[in-house]
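Chain and residue survey
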Amino acid sequence: MKFRIKILPFLILISLVSVFGYQIYSGFNFYKEQEARLEQDVMIAMKNADFREIYWRIDLIRLEAAVNRKSSSSEIKIDIPRLEDAIDIQNYFLKDLHQSVRQLKKPDFKVYCNLLQTELIDKGIMLETFTELIDIRDGRTIESVPSDISGVERSHYKQYTFPFDVDGIYAYRLNIKQPELFILKKMSGILTASFCLVILVVLSYVYLYKTILRQKTLDEIKSDFVNNMTHELKTPVSVAYAANDALLNYGMMNEPEKRVQYLQIMKQQLSHLTSLIEQILTMSVEERKNLKLNSEKINLSGLFESLKEQYLLSATKNVRIEVDVVPFDLTIESDLIHFRNVIGNLIENSIKYSGENVSIDLSAKISDGKISISVKDNGIGIPSHALSRIFDRFYRVSTGNIHDVKGYGLGLYYVKTIVGKMGGKITVKSTEGKGTEFIITYEN
Ligand code: ADP
């Protein structure tokens, strides 16, 4: 298990890098595809515009011929294929057509540029451009639209060249400003989706890793707990047995002083046993999320007094507990065992997280139909940054050099779970170095 958990971060890292790499790879491929597509679209647009320009010239020739030979019946008839059909065959015939028509009428570059813009807009390519008529042999610009292009920064433009005449002398050249931005914009949907996917995968992995670590901590704590507990349970039982034996078998019954002493020892051990059982209960709440609580009337004065006695008896420090319940016969509907554990846990913490002289005020009162129960101590207090976390599972304030107090960070989690299940609320107020007060409130 340990080995597996150790290599887990590496596996996660490797798979994250793979996911990330794959996203970049497919994004790059997609970009290349879009770039090729743009080029194809532009070339088709340039060809179409060229074809239309020739068609325009032919129309013009036809019109001029008609005007010239108004009386004559023999009209020039040039059968022009429709644009759609022409797209297929134009590669073969366009240049020839150019040559033939050129003899009758020279290409009109401005008309070509207008037609090209319409074609580009048709294809959804609406970018900053300029178009040139160039001499392929020396790359010289013969004409351009707009006519003044001296100020343009050519490095920002991508060139698409379309040679259109048979002799390979002239070509149209379309210059598109930063087509990469246009492609990236087109890809923005897919890029956002990829980005979200990567974030989602990262978050899931982090969550997974945290859960596994938590589970591991829980496992370790549990086995720790079971080991310690088995050991600790034996001690009070055997001490109580020994005291009992002494009373029964060695005639201690007749010596009142010894009798009281042995009975006290037995009581102490039983009280220790009770607190160990409380811890086991705490742990089992942690295990059983849907635990069922019984409900019975509990007299708070009686319960507080009995807890006071239990903790005074088992305390190794100088503890003073003040009980104050108003009205004296105040009762609460709750599960006796768990409620006792809740208050017991708070008292135990007050003793654990205090100096040698511990003073605890255990009080309960009712006002506006609300019962509030308070456990207040003069202990070390809780730093304000930790206040919001002390009810979390396994959370422990690092005790620094004041104490080396044993604990599992489960007590307050248990307290909050039980109080919540009983329909109550728990809040905490604390000042470091002065003390802490836990207040539980119930609507009666
Ligand atoms: P544990 O006592 O086993 O560490 P708890 O859940 O009972 O776990 O308490 C969580 C943390 O809250 C403790 O580690 C301690 O730092 C702090 N704490 C709880 N009660 C008090 C208190 N009365 N005074 C000061 N600190 C307290």
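Now for a look at the structure at hand. These numbers were taken from a predicted model, which means no experiment stands behind them.

**Here we look at the packing of aromatic side chains**
Each aromatic ring pair is specified by the distance between its two centres and by the angle formed by the two planes. Inspection of the entire model under this criterion finds 6 aromatic pairs. Seen from their ring centres, Phe391 and Phe438 are 6.2 Å apart, and the 85° between their planes marks the pair as edge-to-face. Here Phe391, found in the loop between β9 (370–377) and α9 (411–421), pairs with Phe438, found in strand β11 (residues 435–443); they are 47 residues apart in sequence, far enough to count as distant. The buried category is assigned to Phe391, whose relative accessible area is 10%. Among the aromatic side chains, those forming a connected cluster through ring pairs are Phe109, Tyr112, Phe164 and Tyr172. Across from the ring centre of Phe391, 5.2 Å away, lies the NZ or CZ of Lys416, which sits over that ring.

**A short note on the pattern of salt bridges**
Overall, the coordinates contain 17 salt bridges when judged by the stated rule. Linking Glu309 and Lys267 is a salt bridge whose minimum nitrogen-to-oxygen distance equals 2.6 Å. Within this pair, whereas Glu309 is found in helix α7 (residues 300–314), its partner Lys267 is found in helix α6 (residues 256–287), the two being separated by 42 residues in sequence. Of the residues examined, Glu309 reaches a relative accessible area of 43% and is grouped as partly exposed. Through salt bridges with shared partners, a single ionic network connects Asp135, Arg137, Asp138 and Arg140.

**Things to note about the side chain of Glu132**
Relative to the helices and strands, Glu132 resides in strand β1 (residues 129–135). Among the polar contacts made by the side chain of Glu132, one reaches the side chain of Arg154 at a distance of 2.6 Å. Among the polar contacts listed, one links the side chain of Glu132 to the side chain of Asn175, at a separation of 2.9 Å. Excluding its chain neighbours within four sequence positions, the residues that come into contact with Glu132 are Phe109, Thr141, Glu143, Ser144, Ile149, Arg154, Ala171, Tyr172, Arg173 and Asn175.

**What about the environment of Ile61?**
Positionally, Ile61 belongs in helix α1 (residues 2–68). Relative accessible area serves as the criterion here: at 10%, Ile61 is assigned to the buried category. Separated by 40 residues in sequence, Ile61 and Val101 have C-alpha atoms that sit 9.0 Å apart. Once residues within four sequence positions are removed from consideration, Ile61 is found in contact with Val101, Leu104 and Lys105.

Conventions and cut-offs
Residues numbered from 1 in each chain as written. Predicted model: local features only at pLDDT ≥ 70, side-chain atom pairs only at ≥ 80, totals over all residues. Heavy atoms only, no water. Phe/Tyr/Trp six-rings, centres within 6.5 Å; stacked < 30°, edge-to-face > 60°. Helix = DSSP H or I, 4+ residues; strand = E, 2+ residues; numbered from the N terminus. Buried < 20%, exposed > 50% of the residue type's maximum accessible area, 1.4 Å probe, protein only. Lys NZ or Arg CZ within 6 Å of the ring centre and 35° of its normal. Salt bridge = Lys/Arg side-chain N within 4 Å of Asp/Glu carboxyl O. Polar contact = N/O pair within 3.5 Å; in protein donor to acceptor, adjacent residues only side chain to side chain. Contact = heavy atoms within 4.5 Å.

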